[in-house]
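# Structural description and commentary
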Amino acid sequence: MLVVTWNVNSLRARLPRALEFLELHRPDVVCLQETKCAPEQFPVAELADAGYSAEHHSGGRWAGVALLARDGLSLTDPAFGLPGEPAADEARWVEASVSGLRVISTYVPNGRTLESPEFPRKLRFLEAAADRVAELKAGDATVLLSGDFNVAPADADVYDPEQFVESTHVTAEERSRLAAIGLVDAYRHLHPDTQQFTWWDYRGGNFHKGLGLRIDLALISESLVPRLAHVGIDRNFRKGQKPSDHAPLLIELRAE
DNA sequence: ATGACCGCTCTAAGCGGA
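Conventions adopted
- Residue positions within a chain follow its written sequence, with the count starting from 1.
- Whichever chain is written first is A, and whichever ligand is written first is 1; the rest continue in order.
- Since the coordinates come from a predicted model, pLDDT governs what is reported: local features require at least 70, and pairs of side-chain atoms require 80 or more to be given and counted, while whole-chain, interface and lining totals use all residues.
- In computing side-chain properties, one takes all heavy atoms of the structure into account and sets aside hydrogens as well as water.
- A run of H or I in DSSP counts as a helix once it spans at least four residues, and a run of E counts as a strand once it spans at least two, with each numbered from the N terminus.
- Atoms counted for the radius of gyration: C-alpha only. Globule rule: 2.2 Å times the number of residues to the power 0.38.
- Remark: exposure states derive from per-residue accessible area (1.4 Å probe, protein chains only) relative to the maximum for the residue type, with buried under 20%, exposed over 50%, and partly exposed in between.
- A contact between two residues is defined here by any heavy atoms of the two lying within 4.5 Å.
- Neither His nor the chain ends contribute to the count of charged residues, in which Lys and Arg are positive and Asp and Glu negative.
- A charged residue contributes its charge at one atom only: NZ of Lys, CZ of Arg, CG of Asp or CD of Glu.
- Here a residue is near a molecule or strand as soon as one of its heavy atoms is found within 4 Å of it.
- Polar contacts here mean pairs of N or O atoms no more than 3.5 Å apart (in protein, one a potential hydrogen donor and the other a potential acceptor; neighbouring residues in sequence count only if both atoms are side-chain atoms).
- Nonpolar residues are Ala, Val, Leu, Ile, Met, Phe, Trp, Tyr, Cys and Pro. Charged residues are Asp, Glu, Lys and Arg, and all others, Gly as well, are polar.
- Think of a 1 Å grid over just the protein atoms. A cavity is a set of points where a 1.4 Å probe fits yet cannot get out, a pocket is an open set with protein on both sides within 12 Å along at least five of seven lines, and lining residues have an atom within 4 Å of a point.
- Grid points are joined across faces, edges and corners, and a volume is the space filled by probe spheres set on the points.
- Any two strands with at least two DSSP bridges between them are considered paired.
- Orient the strands so they point away from the viewer, and a crossover whose first-strand-to-second-strand path over the helix runs clockwise is right-handed.
- Two aromatic rings from Phe, Tyr or Trp, using only the six-membered ring of Trp, form a pair when their centres are within 6.5 Å; if the ring planes differ by under 30 degrees the pair is stacked, by over 60 it is edge-to-face, and anything between is tilted.

### Concerning the overall build of chain A
Broken down by element type, chain A carries six helices and 14 strands. For 256 residues, the compact-globule estimate of 2.2 N^0.38 gives 18 Å, and chain A sits close to it at 17 Å. Structurally, chain A occupies a C-alpha span of about 50 × 45 × 35 Å along its principal axes. The buried share among the 256 residues of chain A stands at 55%. Long-range pairs, those at least 24 residues apart, make up 70% of the contacts in chain A with a sequence separation of at least 6. Seen as two clouds, the 27 positive and the 37 negative side-chain charges of chain A have centres 4 Å apart.

Following this line, the structure appears as structure tokens:
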């Protein structure tokens, strides 16, 4: 089973690349972030034509998350929003059950700067995520929490840690709350010593200079770890015509 | 080189992103 997480930076602007991606990889489940759609703008028909159903949490011009499932799989018991999140209208969390997994697509707030009121709200969002995962674990769910966490888990996930001193995405406050979610970082589990990124600033030719961050993660229950076959980043979708500034992360799970 | 993006939209000499 192939699961993908991808911050598309506007699904409307990215629809050609998203459809290209679905046709190429034929993933079973896709977690999308930053869809930037009003509810009525979400491209349900275009995705259905490509062979995918969707559950989307759409908040308008910013944020927005969605889950897609290939025809033949069904997304059941969807839930929209994260209990206890600081701003419920921002559309940053969507859950559904598929193939025995509780799959979540999340877009954690950016935080802007350490002095900004957005920074403590980012920390609160991460705490609410940990609470929700604990609740799901208590209900014996197998959890696959994927998305753009806007946190680089370690200095190895940052092209130049010195440049990020006094910046968001790398602080001990953010990293400790990410760790407290209590799931396994699938990419890092299979690639303990590799430095690879999922996001590169559009500015300054950063992608071509290799200046990025690993902030898009798939966090999985311990019980899923034995099923991890491959985890990789498709950098080709950070290239070419109108790319997102994030590359998709692909997670291949063996059958049970 | 003290430069360099992109997608939104109250279409901006602006905002937000990371």
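### Some points on the protein's contact with DNA strand B
Residues in close proximity to DNA strand B total 21 residues, the closest being Ser10, Glu34, Asn110, Arg112 and His169. For DNA strand B, the fraction of atoms within 4 Å of the protein that belong to sugar or phosphate moieties is 73%. Separating a phosphate oxygen of DNA strand B from a side-chain N or O atom of Ser10 is a distance of 2.8 Å. Take Asn150: an N or O atom from its side chain is 3.0 Å from a phosphate oxygen of DNA strand B. Residues of the surface near DNA strand B, tallied by class, amount to six nonpolar, seven polar and eight charged.

### Re empty space enclosed by the protein
Using the criterion set out here, one finds two cavities of 30 Å³ or more in the structure. Lining the largest cavity, in full, are Glu85, Pro86, Ala87, Glu90, Arg92, Pro109, Glu118, Arg121 and Phe125. In this structure, the second largest cavity spans a volume of roughly 40 Å³. Lining of the second largest cavity is provided by Trp6, Ala18, Phe21, Leu22, Val30, Leu32, Leu47 and Leu68. The biggest single contributor to the lining of the second largest cavity is helix α1 (residues 11-25), with three residues. Of the residues in the lining of the second largest cavity, the class split is eight nonpolar, no polar and no charged.

### Quick word on the pairing of strand β4 (residues 65-70)
Taken across its six residues, β4 has five buried, putting it largely inside the fold. Here five bridges tie strand β2 (residues 29-33) to β4, and the two strands are oriented antiparallel to one another. Of the residues in β4, the one forming a bridge with Val29 is Ala69. Of the pairings in the sheet, the one linking strand β3 (residues 52-57) to β4 comprises six bridges and is antiparallel in character.

### Looking at the sheet that holds strand β9 (residues 184-185)
The six strands lie next to each other as β5-β6-β7-β8-β12-β9, forming an open sheet whose pairing is mixed. Two strands bound the open sheet, and with one partner strand each, they are β5 (76-80) and β9. Across five bridges, strand β8 (residues 143-148) lies against strand β12 (residues 216-220) in antiparallel orientation. Note that in β12 the partner of Leu145 across the bridge is Leu219.

### Observations regarding the pairing of β8
The buried fraction of β8 amounts to six of the six residues, a majority that puts the element mostly inside the structure. One ladder, built from six bridges, connects strand β7 (residues 101-107) with β8; its direction is parallel. In the sheet register, Val103 faces β8, and the bridge partner there is Leu144. Handedness of the crossover joining β7 and β8 through helix α3 (residues 118-138) is recorded here as right-handed.

### Some thoughts on the environment of Asp160
Residue position: Asp160 is located in the loop between β8 and α4 (172-180). By relative accessible area, which is 26% here, Asp160 ends up partly exposed. Put simply, Asp160 and Leu211 are 51 residues apart on the chain and 7.8 Å apart in space, counted from C-alpha to C-alpha.

### Looking at the packing of aromatic side chains
Inspection of the entire model under this criterion finds six aromatic pairs. An angle of 80 degrees between the planes, with centres 5.1 Å apart, marks the rings of Phe21 and Phe237 as edge-to-face. Note that Phe21 is positioned in helix α1 and Phe237 in the loop between β13 (228-233) and β14 (249-253), a separation of 216 residues in sequence. Residues Trp93 and Phe125 carry aromatic rings whose centres are separated by 6.3 Å and whose planes lie at 65 degrees to one another, so their mutual orientation is edge-to-face. One end of the pair, Trp93, is in strand β6 (residues 93-98); the other, Phe125, is in helix α3, with 32 residues separating them in the sequence. Through a chain of ring-to-ring contacts, three or more aromatic side chains come together here, namely Trp6, Phe21 and Phe237.

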